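# Working through the structure, step by step
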Amino acid sequence: MTDQTYQPTLSQLRAFAAIAEYRHFGTAATRLGVSQPTLSQALASLENGLGLQLIERSTRRVLVTADGKRLLPQAIATLEAADRFVASAAGEGLRGTLRLGIIPTIAPYVLPRLLPELRSRVPALVPHVVEDQTARLLDGLRSGVLDVALLALPTDVAGLVEIPLYTEEFVLVLPREHELAGRTDLTPADLDAQPLLLLDEGHCLRDQTLDLCRAHDAQPGAVGDTRAASLATVVQCVAGDLGVTLIPAMAVAAETARGTLDIATFAAPAPGRTVGLAFRSSTARGDDYDQLAEIIRECRPR
């Protein structure tokens, strides 16, 4: 039973949150800059004070208990509020650790400009980048493992704030000298009977492509016969004459740089996606994320 007079310390909450995030005591201790015994003692003190087991540990694995999952978002919110309090006292915005989730169809094209810009403009910020599929990033936001995520909107998840950053069109990538190459007036119907290559299940770009086909009753051929985990692999399959694929406009320059591919674009209104930031509505760092959003807008590939 929890002692109602017990007040956890921020160090104890940080220990709990770090262990829950990394699922490894050694890694969590390193990230926090403390010894492993100090970390273990902080967690034990927290669990004793609450009268609850938050972390289940064995020689092989570390698990967050049901009580731990229930209390983790509140622990994260408390730590965020404390960090924001200190930042406000210092008269500064973005600073400290930022756990940034980002989907694979955005990360390779935004990070090369974004990370140097963050180092230059907000040197007190320490970004930790987590590249993953949308569903797992949203789980990370809800559980408090991530602070903010850069992904396609809308997420349709309650309890999250979304900041739209920009929209971008989809571009059809084709083998060299394909019959559709160079067209600028495509419609979704032009995908009929085309061997359409897709990312693997779980990638939002796959879902967006299939939704586009369904919405316009397009009937591409051989959907799903070839699937890949990255845009780079999909595009190389196109270069190998295995089919065609849709990629976001920001990826075109990087993924077609070898010159062995052709492209075609859609007539207005072209299909596309909205890219934006998502974060918990309970966070005290909303102003910071507004600042981050503006920096990302300036760093987007053109």
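See the structure printed just above.
Computed from a predicted model, the values in this text were never measured in an experiment.

On to the overall build of the protein chain. A count of helices and strands for the protein chain gives 10 helices and 11 strands. Considered along the principal axes of its C-alpha atoms, the protein chain spans approximately 75 × 45 × 30 Å. A total of 302 residues make up the protein chain; the buried ones form 46% of that total. Across the protein chain, every contact between residues at least 6 apart in sequence was considered, and the portion connecting residues at least 24 apart equals 75%. Here the protein chain has roughly 14,500 Å² of accessible surface; of this, 50% comes from carbon and sulfur atoms.

Turning next to the pattern of salt bridges. In total, this model carries 15 salt bridges according to the counting rule given. Between arginine 99 and glutamate 21 there is a salt bridge, with its nearest N and O atoms 3.3 Å apart. Separated by 78 residues along the polypeptide, arginine 99 in strand S3 (residues 96-102) and glutamate 21 in helix H1 (residues 10-22) bring together distant segments of the chain. The network of salt bridges with common partners includes Glu21, Arg99 and Asp147.

In this section: the packing of aromatic side chains. Within the structure shown, the criterion is met by 1 aromatic pair. Note on phenylalanine 279 and tyrosine 289: the rings are 4.9 Å apart at their centroids and 55 degrees apart in plane angle, and the pair reads as tilted. Of this pair, phenylalanine 279 sits in strand S11 (residues 272-280) while tyrosine 289 sits in helix H10 (residues 286-299), and the two are 10 residues apart along the sequence. Seen from the ring of tyrosine 166, arginine 300 lies directly overhead, with NZ or CZ sitting 4.2 Å from the centre.

Within the largest apolar cluster, 71 residues are counted, with the highest numbers of intra-cluster contacts made by Leu114, Val148, Leu150, Leu165, Leu172, Leu277 and Leu292. In terms of residue count, the dominant contributor to this core is strand S6 (residues 160-175) (9 residues). Among all residues touching leucine 172, those that are not within four sequence positions of it are Leu180, Leu186, Leu191, Val244, Thr245, Leu246, Asp262, Ile263 and Ala264. Formed by 25 residues, the second largest nonpolar core is a distinct cluster that contains Ala20, Ala28, Ala29 and Val62.

The next subject is the pairing of S6. Relative to S11, S6 runs antiparallel, the two being bridged by 9 bridges. Opposite glutamate 168, over in S11, you have arginine 273 as the bridge partner. Across 4 bridges, S6 lies against strand S9 (residues 245-248) in antiparallel orientation. Across the sheet, residue leucine 172 finds its bridge partner in S9, namely leucine 246. Of the pairings in the sheet, the one linking S6 to strand S10 (residues 261-264) comprises 4 bridges and is antiparallel in character.

Moving on to helix H7 (residues 204-215). Because each turn of an α-helix spans 3.6 residues, side chains separated by three or four positions in sequence point in the same direction. In this model H7 runs 16 Å from its N-terminal to its C-terminal C-alpha over 12 residues, within 8% of the 16 Å that 1.5 Å per residue would give. Aspartate 217 occupies a position one or two residues after H7 and carries a positive phi of about 55 degrees.

Our next topic: helix H5 (residues 107-121). Between its terminal C-alpha atoms H5 stretches 20 Å, which fits the 21 Å expected from 15 residues at 1.5 Å a residue. All of the buried residues in H5 are Ala107, Tyr109, Val110, Leu111, Leu114 and Leu118.

On to the packing of helix H2 (residues 25-32) against helix H3 (residues 36-50), then. The N-to-C vectors of H2 and H3 enclose an angle of 100 degrees; their axes lie 9 Å apart at closest approach. Considered as vectors, H2 and H3 are oriented roughly perpendicular to each other. Contact residues: Phe25, Gly26, Ala28, Ala29 and Leu32 in H2; Gln36, Leu39, Ser40 and Leu43 in H3. Counted by class, the contact of H2 with H3 contains 6 nonpolar, 3 polar and no charged residues.

The rules behind each value
Residues numbered from 1 in each chain as written. Predicted model: local features only at pLDDT ≥ 70, side-chain atom pairs only at ≥ 80, totals over all residues. Heavy atoms only, no water. Helix = DSSP H or I, 4+ residues; strand = E, 2+ residues; numbered from the N terminus. Buried < 20%, exposed > 50% of the residue type's maximum accessible area, 1.4 Å probe, protein only. Contact = heavy atoms within 4.5 Å. Areas by Shrake-Rupley, 256 points an atom, 1.4 Å probe, with all protein chains shown as cover. Salt bridge = Lys/Arg side-chain N within 4 Å of Asp/Glu carboxyl O. Phe/Tyr/Trp six-rings, centres within 6.5 Å; stacked < 30°, edge-to-face > 60°. Lys NZ or Arg CZ within 6 Å of the ring centre and 35° of its normal. Core = buried A, V, L, I, M, F, W, Y, C linked by side-chain atoms within 4.5 Å. Pairing = 2+ DSSP bridges. Expected span 1.5 Å × (residues − 1). Axes fitted to C-alpha atoms, helices over the stretch in contact; angles between N-to-C directions. Parallel < 35°, antiparallel > 145°, perpendicular 65-115°, else oblique. Nonpolar A, V, L, I, M, F, W, Y, C, P; charged D, E, K, R; others polar.

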